[in-house]
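Here are the chains, one letter per residue:
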Amino acid sequence: MNKGKNADFKWLWLAVALVALFFLRLFFGSVHVPAAEIFSNELVLKFRLPIAVTCVLAGSALAVSGLLMQTLFRNALAGPDVLGLTSGSSLMVAILILAGNGFSMTFATPWTLAIAASVGAAGVFLLILLISQYVNDNTSLLIIGLMIGATTASVVGVLQYVSRAEDLQAFMIWGLGSVGSTNWNEIIVLSVIAIAGTILSLINMKSLNALLLGENYASTVGVSVKRSRLLILTSASILVGGVTAFCGPIAFVGLAVPHLVRIIIPTTNHKVLLPSVFLGGGVLLLFCDIIAQLPGSTQVLPLNAVTSMVGAPVVIWLIIKNRKVNI
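Residues numbered from 1 in each chain as written. Predicted model: local features only at pLDDT ≥ 70, side-chain atom pairs only at ≥ 80, totals over all residues. Heavy atoms only, no water.

### Here we look at the overall build of the protein
Piece 1. Each helix and strand in the protein was counted, giving 14 helices and zero strands.
Piece 2. In the protein, the succession of helices and strands from N to C terminus is α-α-α-α-α-α-α-α-α-α-α-α-α-α.
Piece 3. Compactness check: the protein gives a C-alpha radius of gyration of 20 Å against a globular reference of 20 Å for 327 residues, within 12% of the reference.
Piece 4. With respect to the principal axes defined by its C-alpha atoms, the protein has extents near 55 × 50 × 35 Å.
Piece 5. Taken over 327 residues, the protein has a buried fraction of 50%.
Piece 6. Taking all contacts inside the protein whose residues are at least 6 apart in sequence as the whole, residues at least 24 apart take part in 76%.
Piece 7. Carbon and sulfur atoms make up 69% of the accessible area of the protein, which totals about 15400 Å². (Helix = DSSP H or I, 4+ residues; strand = E, 2+ residues; numbered from the N terminus. Rg over C-alpha atoms; globule rule 2.2 N^0.38 Å. Buried < 20%, exposed > 50% of the residue type's maximum accessible area, 1.4 Å probe, protein only. Contact = heavy atoms within 4.5 Å. Areas by Shrake-Rupley, 256 points an atom, 1.4 Å probe, with all protein chains shown as cover.)

This is how it looks when you write it as structure tokens:
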């Protein structure tokens, strides 16, 4: 009982950290805004508030999808891009941007990029679903997903090699990930995607807990492994595809947050893990985006670089300290 109360207490602290970092993100930027004007300043309402909301939505969605993949494959190194969804998005965006001859300058708008990324992720998702009908074990599905990702990445590499310098630069900027280019219409769509994917995950909590002990155990307790796998893959695909469409491929968050949350809140119960990871994803991405802004400077660092620089050493230190990663 005490352990459960302790987990609830730490879950509450994650919520407090999320709120605190959210408001900190409204303060930080290249232009100083007095605290008294933070809720009335046009700069904050028009630019910083959408960025902060996007951080919460994108971070939470990626973290939940990472937890789903790690549970489904029972693999601590599984992340949101393990099925090649991010690579599929990158391929379609690369085709759009790297077409050359001024094509990208005309058609590569935020919405066309989002549509291209969504189509790429959906195409890989449908391919994975088709393959899953003929593959019975998750390990084989994991390997196939990795090979799909490697194949699409190689095609992107060829497109980069033959593209024009200005098109290549545009694609590289998209590939660095960003939460600063979303408007409120895009945020509404991203909100629907994040909520839908998370609700689908919550519906599947019983199956997630059972799958931690293996597919055979899950079957013996009445869980339909095939149906559960379909729901988990669908949920993760919705979450990853939506974030990649509007923010580009954001690295590390989906892989790291479930581990960090498990170390802070040592439980395998997804009734606690899912909401905790949801909060933890928003916390980490808000923190990284604040650092990326280089408070007091007009320079902005690439978000992907910061998520890796900040998160990787922390995970390594925590794993060494605890001598294991629970999953």
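That shown, we press on.
### A few points about the packing of aromatic side chains
Piece 1. Under the definition given, this model contains two aromatic pairs.
Piece 2. Arranged with centres 5.9 Å apart and planes meeting at 85°, the rings of phenylalanine 22 and phenylalanine 23 form a pair that is edge-to-face.
Piece 3. The exposure class assigned to phenylalanine 22 is buried, which follows from its relative accessible area of 19%.
Piece 4. Aromatic side chains phenylalanine 171 and tryptophan 174 sit 6.0 Å apart centroid to centroid with 25° between the ring planes, which places their arrangement in the stacked category. (Phe/Tyr/Trp six-rings, centres within 6.5 Å; stacked < 30°, edge-to-face > 60°.)

### Remarks on the pattern of salt bridges
Any two side chains of opposite charge can pair, on the condition that their charged atoms come close.
Piece 1. Taken as a whole and judged by the stated rule, the model has two salt bridges.
Piece 2. Between aspartate 289 and arginine 25 there is a salt bridge, with the nearest N and O atoms lying 2.6 Å from each other. Linking aspartate 289 in helix α13 (residues 270–292) with arginine 25 in helix α1 (residues 2–27), this pair joins segments that are 264 residues apart in sequence.
Piece 3. For arginine 25, a relative accessible area of 2% gives the class buried.
Piece 4. Here arginine 164 makes a salt bridge to aspartate 167, at a shortest N to O gap of 3.0 Å. (Salt bridge = Lys/Arg side-chain N within 4 Å of Asp/Glu carboxyl O.)

### Section: the environment of serine 154
Piece 1. For serine 154, the position within the fold is in helix α6 (residues 138–162).
Piece 2. In this structure the C-alpha to C-alpha distance between serine 154 and leucine 45, which are 109 residues apart in sequence, comes to 41 Å.
Piece 3. At 2.5 Å, the side chain of serine 154 forms a polar contact with the backbone oxygen of threonine 151. (Polar contact = N/O pair within 3.5 Å; in protein donor to acceptor, adjacent residues only side chain to side chain.)

### Quick word on unusual backbone geometry
Piece 1. In this structure, phenylalanine 252 is a non-glycine residue whose phi angle is positive, near 80°.
Piece 2. Checked against the element boundaries, phenylalanine 252 lands in the loop between α11 (225–247) and α12 (253–264).

### Description of the environment of leucine 126
Piece 1. Following the sequence through the fold, leucine 126 ends up in helix α5 (residues 110–132).
Piece 2. When the C-alpha atoms of leucine 126 and serine 60 are compared, they prove to be 24 Å apart, with 66 residues separating the residues in sequence.

### Side note on the packing of α12 against α13
Piece 1. Close contact between α12 and α13 brings their axes to 9 Å; oriented N to C, the two are set at 120°. Our classification of the angle between α12 and α13 gives oblique. Between α12 and α13 the crossing geometry is right-handed. Of the residues in α13, those in contact with Val253, Val257, Pro258, Val261 and Arg262 of α12 are Leu273, Ser276, Val277, Gly280, Gly281, Leu284 and Leu285.
Piece 2. Of the residues in the contact of α12 with α13, the class split is eight nonpolar, three polar and one charged. (Axes fitted to C-alpha atoms, helices over the stretch in contact; angles between N-to-C directions. Parallel < 35°, antiparallel > 145°, perpendicular 65-115°, else oblique. Left-handed = near helix turned anticlockwise from the far one by under 90°. Nonpolar A, V, L, I, M, F, W, Y, C, P; charged D, E, K, R; others polar.)

### Comments concerning the nonpolar core
Piece 1. Counting residues in hydrophobic clusters, the biggest one holds 87 residues, and the most contacted among them are Met69, Phe73, Leu233 and Ile250.
Piece 2. If you tally residues by element for this core, the top one is helix α2 (residues 42–73), at 16 residues.
Piece 3. With residues up to four places along the chain from it excluded, the contact list for phenylalanine 73 reads Ala78, Val82, Leu83, Asn138, Leu141 and Leu142. (Core = buried A, V, L, I, M, F, W, Y, C linked by side-chain atoms within 4.5 Å.)

### Observations regarding a nonpolar patch on the surface
Piece 1. A surface patch of nonpolar side chains, about 520 Å² in accessible area, is lined by Phe9, Trp11, Leu12, Trp13 and Val16.
Piece 2. As for its position among the elements, phenylalanine 9 is in helix α1. (Patch = residues over 30% accessible without salt bridge, like charges linked within 9 Å, V, L, I, M, F, W, Y side chains within 5 Å.)

### Some thoughts on the packing of helix α8 (residues 184–203) against α11
Geometrically, a packed helix pair is captured by the angle between its two axes and the distance between the axes.
Piece 1. α11 packs onto α8 with a crossing angle of 160° between their chain directions and a minimal axis gap of 9 Å. When the axis of α8 is compared with that of α11, the two are roughly antiparallel. In the crossing of α8 with α11, the sense of the turn from one axis to the other is left-handed. On the side of α8, the interface is formed by Glu186, Val189, Leu190, Ile193, Ala194, Gly197, Thr198, Leu200 and Ser201, while α11 contributes Leu231, Thr234, Ser235, Ile238, Leu239, Gly242, Val243, Phe246 and Cys247.

### Looking at the environment of leucine 67
Piece 1. Along the chain, the position of leucine 67 falls in helix α2.
Piece 2. A residue is classified by how much of its surface remains accessible, and leucine 67, at 0% relative accessible area, is buried.
Piece 3. Each C-alpha atom of the pair leucine 67 and glycine 79 lies 7.7 Å from the other, and the pair is 12 residues apart in sequence.
Piece 4. The residues touching leucine 67, leaving out its near neighbours within four places in the chain, are Pro258, Arg262, His270, Leu273, Leu274 and Val277.

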